[in-house]
Amino acid sequence: MDSSATSWIKPPARPELIENLVSGVDRYNPNNVSILEDYLYHQIRNEEYDCLANLAILKLYQFNPELYNPDVVINILIKALTASPSPDFNLCVSLLDERPINAPLEEPDPLPTLLPVLRGLHDLLFRCRFPAFWDIYRSDELETLRDNYTVEVVGFENAVREVVVRGVKAAFKRISTARLGSYLALSGDDLFEYIAKLGWTVDSATSVVSIPPNPDNQIEATVVQESIKLPQLAKVISHSALKA
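Residues numbered from 1 in each chain as written. Predicted model: local features only at pLDDT ≥ 70, side-chain atom pairs only at ≥ 80, totals over all residues. Heavy atoms only, no water.

Taking an unreviewed UniProt entry as the reference, the protein is identified by name as Eukaryotic translation initiation factor 3 subunit K belonging to Leucocoprinus birnbaumii. Under Subunit (unreviewed entry), UniProt gives the following word-for-word description of the protein: "Component of the eukaryotic translation initiation factor 3 (eIF-3) complex." In its Sequence similarities (unreviewed entry) section, the UniProt entry covering the protein states "Belongs to the eIF-3 subunit K family." (UniProt positions renumbered as here; feature names shortened; annotations may be inferred.)

If you want it as structure tokens, here you go:
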């Protein structure tokens, strides 16, 4: 199991209490939902992420619709957005699709309005349409999402930029600063400071960013050698002759 899979199953920052809840049968105890919700808001404030713990909340809502809190669900989806291209967002949504529709609420449920918006943002990130993501995310139509939700998620835009970096590292050896800036929604000194933090270099004459070699952006020739034994070849030739 690689390190990324290990950290997904058990993030290094996960407290022992949460580990006991997530790993044991107690994860289905509705009395623990407030503990998991508090942990979600800890993730939001501290730029941490624990998908399995957040999925446990959604599962408890599924089994106990009276516990359902739409703001918690929206925050879980926002955190899952920044895990792209991993399947976290779709895993969360798959639990929502089975949620009882008549959960009692004191105020109108914002999720039916925001879920299509979040699905659209996820689709743009997944398909690496980064400039379109920023245009839509920063549009007037999404002011409610920004003012009521993502503003509270510490480092949200930088977490999205980490999604961009993963995509760029996998696809490019070199990229222009203009193109990279449109992907990151950065320009000027902010862009060059961000590039420097990544450890990437910029050719001042051409404004081209060089991306260090990694397993995804290196093209390596692969030689495929097949071994066909004589009896097998004879059967192929015989079959061809019969068809002719």
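A. Structural context of the overall build of the protein. Secondary structure summary: the protein contains 13 helices and three strands in total. Counted over contacts in the protein with a minimum sequence separation of 6, partners at least 24 positions apart contribute 64%. As displayed, the protein offers around 14500 Å² of accessible surface, 53% of which is attributable to carbon and sulfur atoms. (Helix = DSSP H or I, 4+ residues; strand = E, 2+ residues; numbered from the N terminus. Contact = heavy atoms within 4.5 Å. Areas by Shrake-Rupley, 256 points an atom, 1.4 Å probe, with all protein chains shown as cover.)

B. Representation of the pattern of salt bridges within the structure. Enumeration according to the criterion identifies five salt bridges in this entry. Between D123 and R127 there is a salt bridge, with its nearest N and O atoms 2.9 Å apart. Taking the relative accessible area as the measure of exposure, D123 reaches 33% and is therefore partly exposed. Given the relative accessible area of 45%, R127 is considered partly exposed. (Salt bridge = Lys/Arg side-chain N within 4 Å of Asp/Glu carboxyl O. Buried < 20%, exposed > 50% of the residue type's maximum accessible area, 1.4 Å probe, protein only.)

C. How the structure looks around the state of the cysteines. On inspection of all chains with the given rule, the structure shows zero disulfides. Sulfur of C92: no disulfide; nearest cysteine sulfur belongs to C51 and is 5.0 Å away. (Disulfide = S-S within 2.5 Å.)

D. How the structure looks around the packing of helix α8 (residues 130-137) against helix α11 (residues 177-184). Two numbers describe how α8 lies on α11: the axes approach to 7 Å, and their chain directions differ by 45°. The pairing of α8 with α11 is recorded here as oblique in orientation. In contact with F130, P131 and W134 of α8, α11 contributes S182, Y183 and L184. For the contact of α8 with α11, the class distribution of residues is five nonpolar, one polar and no charged. (Axes fitted to C-alpha atoms, helices over the stretch in contact; angles between N-to-C directions. Parallel < 35°, antiparallel > 145°, perpendicular 65-115°, else oblique. Nonpolar A, V, L, I, M, F, W, Y, C, P; charged D, E, K, R; others polar.)

E. Region of the structure containing helix α4 (residues 51-63). Compared with an ideal rise of 1.5 Å per residue, which puts 13 residues at 18 Å, α4 spans 19 Å between its outermost C-alpha atoms and is within 8% of the ideal. Burial analysis of α4 places eleven of its 13 residues in the buried class, which makes it a mostly covered element. The set of residues buried in α4 consists of C51, L52, A53, N54, L55, A56, I57, L58, L60, Y61 and Q62. (Expected span 1.5 Å × (residues − 1).)

F. Local environment of the sheet that holds strand β1 (residues 174-176). If you trace the three strands from one edge of the open sheet to the other, you get β1-β3-β2, paired in antiparallel fashion. Across the chains shown, the open sheet's two edge strands, defined by having one partner strand only, are β1 and β2 (201-203). Shown here is a sheet whose adjacent strand axes are inclined to one another by a mean of 30°, direction ignored. Here β1 pairs with strand β3 (residues 208-210) via three bridges, running antiparallel. Directly across from S176, in β3, lies its bridge partner V208. Along the sheet, α11 makes contact with β1, β2 and β3, crossing β1 at roughly 80°. (Pairing = 2+ DSSP bridges.)

G. Just the environment of P87, in detail. Of note, P87 is situated in the loop between α5 (70-81) and α6 (88-96). Separated by 39 residues in the primary sequence, P87 and F126 have C-alpha atoms spaced 9.5 Å apart.

H. Geometry of the nonpolar core. Judged by nonpolar contacts, the single largest core of 65 residues is most densely connected at L58, L77 and V168. Broken down by element, this core gets its largest block of residues, nine residues, from α4. (Core = buried A, V, L, I, M, F, W, Y, C linked by side-chain atoms within 4.5 Å.)

I. Quick peek at unusual backbone geometry. A cis amide bond, omega 10°, links S84 with the succeeding residue P85. At E47, a position not held by glycine, the phi torsion is positive, near 55°. Locating E47 in the fold gives a position in the loop between α3 (33-46) and α4. For E47, a relative accessible area of 54% corresponds to the exposed category. A positive phi angle, near 60°, is found at C128, a position not held by glycine. With respect to the helices and strands, the residue C128 is situated in the loop between α7 (111-126) and α8. Residue classification places C128 among the partly exposed residues on the basis of a relative accessible area of 40%.

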